[in-house]
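# Structural description and commentary
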Amino acid sequence: MLRLALATLRTRWVSFLGAFVALVLGSGVIATMALTMAATLGTPFPGPQRFADAPVVVLPHDGVRFAGDDPGEDHVLDRPPGVPPDLVARIAATGRAVADRTFPVGLPGGPSDQVGHPWSAAALTPYRLVAGRAPRGAGEVVVGGGAEASVGRTVPVTTLDGVRRATIVGVTGKVWFEHAVFFGDAEAARISPRVDAVAAYGPAGKVRDAVGKAAQVLTGDGRGRADPDTSGGRDGLLNAQGMAGTATAVVVSVAIFLVVVTFAFVVDQRRRELALLRTVGATPDQVRKLVLAEAALVGVAASVTGCVLGTLAVPALADWMAGQGVAPEWFTIGVNPVALVIAFLLGLVAAVAGAAAVSLRAGRVRPTEALREAAVDRGGMTVVRWLLGLALLAGGVVTSWVITTRYPIYAGNLRKYAAVPLLLVGGFALFAPVVMGPITRLATRPMARLGAGAMVVRENLLGARRRTAATVTPVVVAIGLSASVLSAQASADDARVAEARQQTRAQYVVVPTGIGELNQRTADAVRAVPGIDVATMTPTRAYLSTPQGRFVDTLSLDAVEPAALASMERLRLDGGSVTGLGDDFLVLNRRLAGSDDLEVGSRMRVTLPDGGTAAVRIAAVTKDGIGGDTGFLSAAHAAGGLPSRIEVRVRPGTDPAAAVQGLRDATRGQPAAVVPVSALKGAVDAQQRQHRSAAYSILAIALVYSCVAIANVLMMAAAGRRREIAALHMAGATRVQTLRFIAAESLMVVLIGLVLSAAAAAAVLAGQWAALDTLVGGTDLHVPWQAIIEITGLCAAIAVAAAVLPAWQALRGRVVELAGLRD
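Now for a quick tour of the structure. (Residues numbered from 1 in each chain as written. Predicted model: local features only at pLDDT ≥ 70, side-chain atom pairs only at ≥ 80, totals over all residues. Heavy atoms only, no water.)

Turning to the overall build of the protein chain, a few remarks are in order. Scanning the protein chain from N- to C-terminus turns up 26 helices and 23 strands. The buried share among the 823 residues of the protein chain stands at 51%. Counted over contacts in the protein chain with a minimum sequence separation of 6, partners at least 24 positions apart contribute 82%. Of the accessible surface of the protein chain, which amounts to about 34900 Å², a share of 60% is contributed by carbon and sulfur atoms. (Helix = DSSP H or I, 4+ residues; strand = E, 2+ residues; numbered from the N terminus. Buried < 20%, exposed > 50% of the residue type's maximum accessible area, 1.4 Å probe, protein only. Contact = heavy atoms within 4.5 Å. Areas by Shrake-Rupley, 256 points an atom, 1.4 Å probe, with all protein chains shown as cover.)

Written out as structure tokens, the structure is:
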């Protein structure tokens, strides 16, 4: 049987070319995603980095333990107290000591996560100057990883101390773990008095004796605990890992789905040939083995080719991910043999599965029935197609229902909601043969008065249902997946904006510029502006525990003044009250409270970012929101944190213009800007840019592959339509009329796909709306009509071109010869 399969492939390679192309592209996409996923796993940079050249590092205690914690299970504080001056002096008495400080910095055009250090700490990494010199005065800086051409330029430098101009006097080479700006030691100490770490060069034993139990003493690999990324780069890949995981699931599903459909179509096109084998004595089992052997041979060759193409494509994908902020700028994708083997096996299985689904039916049909079925195909919905379609639809509906009822927050995260559009779009695509009859008859009815053209188009489509269904499937995937993903992302973004606006009574917001925090000077100046009410929001991560000291949960909170929480915030309460609060209040959302069986009035304890503790009472529980697990506690427990925003409301009787001018005067010269609440959309857009880029990249890969599949299937179908084209021509249709009929058929295919896509997208968005409405009352769905229309037009153009061009090429020859060609 293998020898016969090889002979068939050699003599009829044109028949398998389309399937080969589809599988090469599918395996290539799968290989690219598998290699990307593999590259996001593991530890890229093991060992100490930031303090690689420091023999001993002294850090303040930054861990806290709770009753019942396992040994070594430390909870790390966000803002531990610095190393006190007397301890720094004792360490310096043991030998050379370098005090390191870390504080936020912003340079024009620089990355958002720049940090400042004293120049003496540059030798700890080590940084090396590649141009210029070290900073000497207060107005000089050295930029880590900067461009050599920038040396000598004077630029505005934003720190928590304000905005001032400084001259770039040098640049160093790049490091992977941070974007540093170095100041003179005295200037760095003025900007950030706190000492965050001390590098000691004296004997380790003497350093330990000098420190005692006042701080941590790190040596060897333990120095990695002082790195900005203690995971050795693994944490920096979390966004890329999430994107790669979702992309792999989506793109691999699309690729396998379309490959299976394509291979099934290839086998369907050869039904006359398979029936002839039956007439000369081939048993059904032999026919099935032949088809599977052919698919396996094509699958092996195409999967190997696809894996090679996928390996060549990954450098460009890695550069794109780094450029979009989805992955760190140092991210690279290497060749992973295990990932390539997985991609190869998935491609091979997809090819064999597609052939097997149809070979079973082809092997069961008697020779005469197979020959008659090859002429006119009125079927299309096999048992396997029914079962698979119903399973996908049921899976999509159940997944959507579970998200809506139990995990509605997933509806705002496309990574977690991606399974719903995948299942529903795939399920609706498989039901193309069911709906194509009513849609075709309805669409061609208005054209009946124009002559026999409408009838020809209708009967050609309905007389070849499997061919039409094979073409409709990639159209549904392209349009349906695009409409679902684009609409779901836009609706989630709009819901975030709506939630932010609903939650506050403020009219203006003071937000940081250049760095991610506002300094205390700005906060004090804003509070001093007459005629306004102010709510200062300071993000804080705290640990919640019982009064007995048993750990409960990690909280992301906003520290805010008690009176401002009641007067400025419009919380959707599920229990309790936010009026008349003291400094001991805690407000949680329902998911956090419910997961730990916490009730309004419960007495708890929070461990603050600096290690301090506070006794609190759960004053209120809010309804869950799309923003995630957030809560509030008193500004008295901000633990040295700085505000991320200041919400402002103009009091009745105060001139709004005067109030705004007062706010601008208060923030002049500071890293802050005054924006109206209506500008919150821009802030939400900026926060979601990474997620949106990842979602659109996933969609782009699936869309390109689907469009190629549309062209591929139609061009494959063209080879089997030569007799049909010749018959039309000999029946009196001119070449132009024949091409019009074929173009009309292609447009009808897109129309059928559009109807199914609309149904799938509607089902996806209905589930998302139900979930978002529980989180943000009154939210609306956002459908990006222009983008969907453009994608539909692209699919129509590809379909018409892929169908008409082969027919035009065939009609250039003699019609009699065309009619006599064999399949």
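Further remarks concern the environment of Gly63. Along the chain, Gly63 falls in strand 2 (residues 63-64). Of the residues examined, Gly63 reaches a relative accessible area of 36% and is grouped as partly exposed. Gly63 has contacts with His75 and Val76, leaving out every residue within four places of it along the chain.

Okay, the pattern of salt bridges next. Here the structure, examined in full by the defined rule, presents 21 salt bridges. Here Glu647 and Arg645 are joined by a salt bridge, their closest N and O atoms 3.1 Å apart. Residues participating in the shared-partner salt-bridge network are Asp161, Arg164, Glu187, Arg190 and Arg521. (Salt bridge = Lys/Arg side-chain N within 4 Å of Asp/Glu carboxyl O.)

This brings us to the environment of Tyr705. Position of Tyr705 relative to the elements: it lies in helix 22 (residues 689-719). Separated by 228 residues in the primary sequence, Tyr705 and Val477 place their C-alpha atoms 9.8 Å from one another. With residues near it in sequence (within four places) discarded, Tyr705 still touches Ala22, Leu25, Gly26, Val29, Val254, Ala255, Leu258 and Val259.

Right, let's talk about the nonpolar core for a bit. Nonpolar side chains in soluble globular proteins tend to be buried together. Core analysis: the largest hydrophobic core is formed by 107 residues, its most contacted members being Val254, Phe257, Phe263, Met321, Leu481 and Tyr705. If one sorts the elements of this core by residue count, helix 6 (residues 238-269) sits on top with 15 residues. Discounting chain neighbours no more than four positions away, the residues touching Met321 are Thr36, Ala240, Met243, Val326, Ala327 and Phe331. Among the nonpolar cores identified, the runner-up in size contains 21 residues, and Leu555, Val606, Val616 and Val621 belong to it. (Core = buried A, V, L, I, M, F, W, Y, C linked by side-chain atoms within 4.5 Å.)

With that out of the way, let us pick up the sheet that holds strand 1 (residues 56-59). A sheet is described by the order of its strands in space; here 4 strands give the open sequence 4-12-1-13, paired in antiparallel fashion. The open sheet terminates on both sides in strands that have one partner only, identified here as strand 4 (97-100) and strand 13 (216-219). Looking at each pair of strands side by side, their axes are set apart by 25° on average, direction ignored. Along the sheet, helix 3 (residues 85-92) contacts strand 1, strand 4 and strand 12 (197-200); its crossing angle with strand 12, the most-contacted strand, is approximately 10°. Of the strands in this sheet, strand 1, strand 12 and strand 13 touch helix 5 (residues 204-211), which is tilted by about 165° from strand 13. (Pairing = 2+ DSSP bridges. Axes fitted to C-alpha atoms, helices over the stretch in contact; angles between N-to-C directions.)

Contact geometry for helix 14 (residues 432-444) and helix 24 (residues 735-775): axes closest at 10 Å, N-to-C directions at 120°. When the axes of helix 14 and helix 24 are compared, the pair comes out oblique. Remark: the crossing between helix 14 and helix 24 carries right-handed chirality. Residues Ala432, Val435, Met436, Ile439, Thr440 and Ala443 of helix 14 lie in contact with helix 24, whose contacting residues are Met748, Leu751, Ile752, Val755 and Leu756. Its residues placed into classes, the contact of helix 14 with helix 24 shows 10 nonpolar, 1 polar and no charged. (Parallel < 35°, antiparallel > 145°, perpendicular 65-115°, else oblique. Left-handed = near helix turned anticlockwise from the far one by under 90°. Nonpolar A, V, L, I, M, F, W, Y, C, P; charged D, E, K, R; others polar.)

A separate point is the pairing of strand 1. By the alternation rule, side chains of strand 1 split into Val56 and Val58 and Val57 and Leu59, which are all buried. Looking at chain direction, strand 1 and strand 13 are connected through 4 bridges and run antiparallel. Looking across to strand 13, one finds that Val57 is bridged to Leu218. One ladder, built from 3 bridges, connects strand 1 with strand 12; its direction is antiparallel. Looking at strand 12, one finds that Val57 is bridged to Ala199.

Let us now look at the side chain of Thr471. Residue placement: Thr471 occurs in helix 16 (residues 465-503). With sequence-adjacent residues up to four places away left out, Thr471 is seen in contact with Val713, Leu714 and Val749.

Attention shifts here to the packing of aromatic side chains. Tallied over the entire structure, the rule returns 12 aromatic pairs. Ring centres of Trp119 and Phe182 lie 5.4 Å apart, and the angle between their planes is 90°; this geometry places the pair in the edge-to-face category. A residue pair is termed long-range when its members are at least 10 positions apart, and Trp119 in the loop between strand 6 (114-118) and strand 7 (129-132) and Phe182 in strand 11 (residues 179-183) qualify at 63 residues. Classification of Trp119 by relative accessible area gives partly exposed; the value is 21%. Overall, Phe182 belongs to the buried group, its relative accessible area being 0%. Judged by centre distance (5.3 Å) and plane angle (15°), the ring pair of Tyr407 and Tyr410 falls under stacked. Under the relative-accessibility criterion, Tyr410 is labelled partly exposed at 28%. (Phe/Tyr/Trp six-rings, centres within 6.5 Å; stacked < 30°, edge-to-face > 60°.)

On the surface, Val300, Val304, Val308, Leu309 and Leu312 cluster together into a nonpolar patch covering about 440 Å² of accessible area. Mapped onto the fold, Leu312 is located in helix 8 (residues 284-323). Under the relative-accessibility criterion, Leu312 is labelled exposed at 65%. (Patch = residues over 30% accessible without salt bridge, like charges linked within 9 Å, V, L, I, M, F, W, Y side chains within 5 Å.)

By secondary structure assignment, the location of Tyr201 is in the loop between strand 12 and helix 5. A sequence separation of 110 residues divides Tyr201 from Ile91, and the C-alpha atoms of the two residues are 9.3 Å apart.

Omega for the bond connecting Thr125 with Pro126 falls within 30 degrees of zero, at -5°, which places this linkage in the cis form. Its place among the elements puts Pro126 in the loop between strand 6 and strand 7. One non-glycine residue with positive phi stands out, namely Ala639, at about 55°. Positionally, Ala639 belongs in the loop between strand 21 (631-634) and strand 22 (645-650). Accessibility expressed as a relative area gives 18% for Ala639, which makes it buried.

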